[in-house]
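As a plain string of letters, each chain reads:
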Amino acid sequence: MESLPDPIKWENGTTSGEPGTDPRGGKVTIIDQTRLPLEEKFLSSKNYRDVCEWIKSLRIRGAPAIGIAAAYAAALAAYEFGSHGEIDSKLDAAIHEINATRPTAVNIRNILARLRKLDVKGKNVGDVFLNEAHRILAEEIDSCRKIGQFGLELVPDKAVILTHCHTGGLATGGYGTALGIIRAAHEAGKKVMVIADETRPLLQGARLTAYELQKLGIDFKLIVDGASGIAMKKFSVDLVVVGADRIAANGDTANKIGTYNLSVLCKDHKIPFYIAAPSSSFDLAAKSGEDIPIEERNPGEITHFRDCRSAPENISVYAPAFDVSPAENIAAFITEKGIIRKPYGENIAKVLG
Ligand code: MRU
């Protein structure tokens, strides 16, 4: 088993820093997920605008990971503007800019709201935000480990598990949500086999899930998204577990495009369909999936394969990045606070407080 790189970390500077930046010269470093698995390239910056660009371009991606990145971006902005004792107008505008990077994953919004509630009176706001960002990172890692442990009881020995998109260490603070359950089952000695959807169009499954599973020494097969139905039959899939970008109060769940199809297939095949997510991915202000904004991406992600055109010119394209699986299709939610079962309207509020 090989260790996985950190998705994101803060490195304190040893110099006094440049004017207009964190006085200690600190910076954020990520692994560029768009270059994986071919290249392990790290990017560093002291500028919150770079972090915004990384989030928009999916260099860092996965709902919990972009929430953490948003917290570090807010700290960099506060240092840049020398914010002291209050969230001044420049910092407020920067927080709005960070919030607007990606609309569906609620983690960014939840985490920025958490920063806004902190007591900054008489304090260097950069220091306050940075300490909170460290706390958020540590909490997200801890949540993933707990999700892994709670999820164990749902995974039979020798289970065949199908998953979609990428929910591993790099998509979170480390360890993973849906992939964290698979990892915990593997570590507990259950001989699991994973079916990983490639996840069109940006191939998070083929590039990142396969990269992590291989490094962790977990048995898996990669399939095209359209093969999930036949794979359920051929490999007698025991359960499907995926992550979430936003879970509404009634349990409707937005996740990577194609997840909804899987939830419907699971009903037909009588396979339990689980969502693994930390509480930072819940949005109790959204009553149902109708209230979840769905990000639409650049059509070029579908009409081209990297720089090579793969569809005719001048065609109409619909490119949603996410879809919503209805609560009724979901067998349970696995969170760091425990397993949540139906009726979700009642139980989500009860478990998450
Ligand atoms: O567009 P992406 O790659 O950020 O989409 C990510 C997903 O849909 C993940 O399944 C979700 O964020 C959960 S990550 C633990």
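That block above? That's the structure.
Would you mind going over the overall build of the chain with me for this structure?
When you go through the chain residue by residue, the secondary structure sums to eleven helices and 16 strands. Whereas a compact globule of 353 residues would reach a radius of gyration of roughly 20 Å, the chain reaches 20 Å, a difference of no more than 12%. With the principal axes as the frame, the chain shows a C-alpha extent of 60 × 50 × 40 Å. Per-residue burial over the chain gives 55% buried out of 353 residues. A separation of at least 24 residues holds for 74% of the contacts in the chain among residues at least 6 apart in sequence. Accessible surface, the chain as shown: approximately 14,900 Å² in total, 51% of it carbon and sulfur. Averaging the locations of the 43 positively and 45 negatively charged side chains of the chain gives two centres separated by 2 Å.

In this structure, what is going on with the site of the ligand? I would like to understand it.
Looking at the ligand, there are 17 residues lining it, with Arg61, Arg102, Asp245, Asn255 and Lys256 nearest. In the environment of the ligand, an oxygen atom lies 2.8 Å from a nitrogen or oxygen atom belonging to the side chain of Arg102. Asp245 is positioned such that a nitrogen or oxygen atom in its side chain is 2.8 Å from an oxygen atom of the ligand. When isolated, the ligand has an accessible area of 420 Å², and the protein chains bury 99% of it. Listing elements by their share of the shell around the ligand, those giving two or more residues are α2 (63–80) and β9 (253–256). Its residues placed into classes, the shell around the ligand shows six nonpolar, seven polar and four charged. Shared between two domains, the shell around the ligand holds at least three residues of each, these being domain 1 (8–142) and domain 2 (145–352).

What should I look at first to understand the packing of aromatic side chains in this one?
Any pair of aromatic rings gets described here by the distance separating the centres and the angle formed by the planes. The tally for this structure, following the rule as stated, stands at four aromatic pairs. Look at Tyr48 and Phe81: their rings are 6.1 Å apart centre to centre, the planes differ by 65 degrees, and that puts the pair in the edge-to-face class. You can see Tyr48 sitting in helix α1 (residues 48–56) and its partner Phe81 sitting in the loop between α2 and α3 (89–99), a full 33 residues away along the chain. Residue class for Phe81 comes out partly exposed when judged on its relative accessible area of 24%. The lysine or arginine in question, Lys256, covers the ring of Phe322, its NZ or CZ lying 4.4 Å from the ring centre.

About the cut-offs
- Residues numbered from 1 in each chain as written.
- Predicted model: local features only at pLDDT ≥ 70, side-chain atom pairs only at ≥ 80, totals over all residues.
- Heavy atoms only, no water.
- Helix = DSSP H or I, 4+ residues; strand = E, 2+ residues; numbered from the N terminus.
- Rg over C-alpha atoms; globule rule 2.2 N^0.38 Å.
- Buried < 20%, exposed > 50% of the residue type's maximum accessible area, 1.4 Å probe, protein only.
- Contact = heavy atoms within 4.5 Å.
- Areas by Shrake-Rupley, 256 points an atom, 1.4 Å probe, with all protein chains shown as cover.
- Lys, Arg positive; Asp, Glu negative; His and termini not counted.
- Charge placed at Lys NZ, Arg CZ, Asp CG, Glu CD.
- Near = heavy atom within 4 Å.
- Polar contact = N/O pair within 3.5 Å; in protein donor to acceptor, adjacent residues only side chain to side chain.
- Nonpolar A, V, L, I, M, F, W, Y, C, P; charged D, E, K, R; others polar.
- Domains from an automatic or database assignment.
- Phe/Tyr/Trp six-rings, centres within 6.5 Å; stacked < 30°, edge-to-face > 60°.
- Lys NZ or Arg CZ within 6 Å of the ring centre and 35° of its normal.

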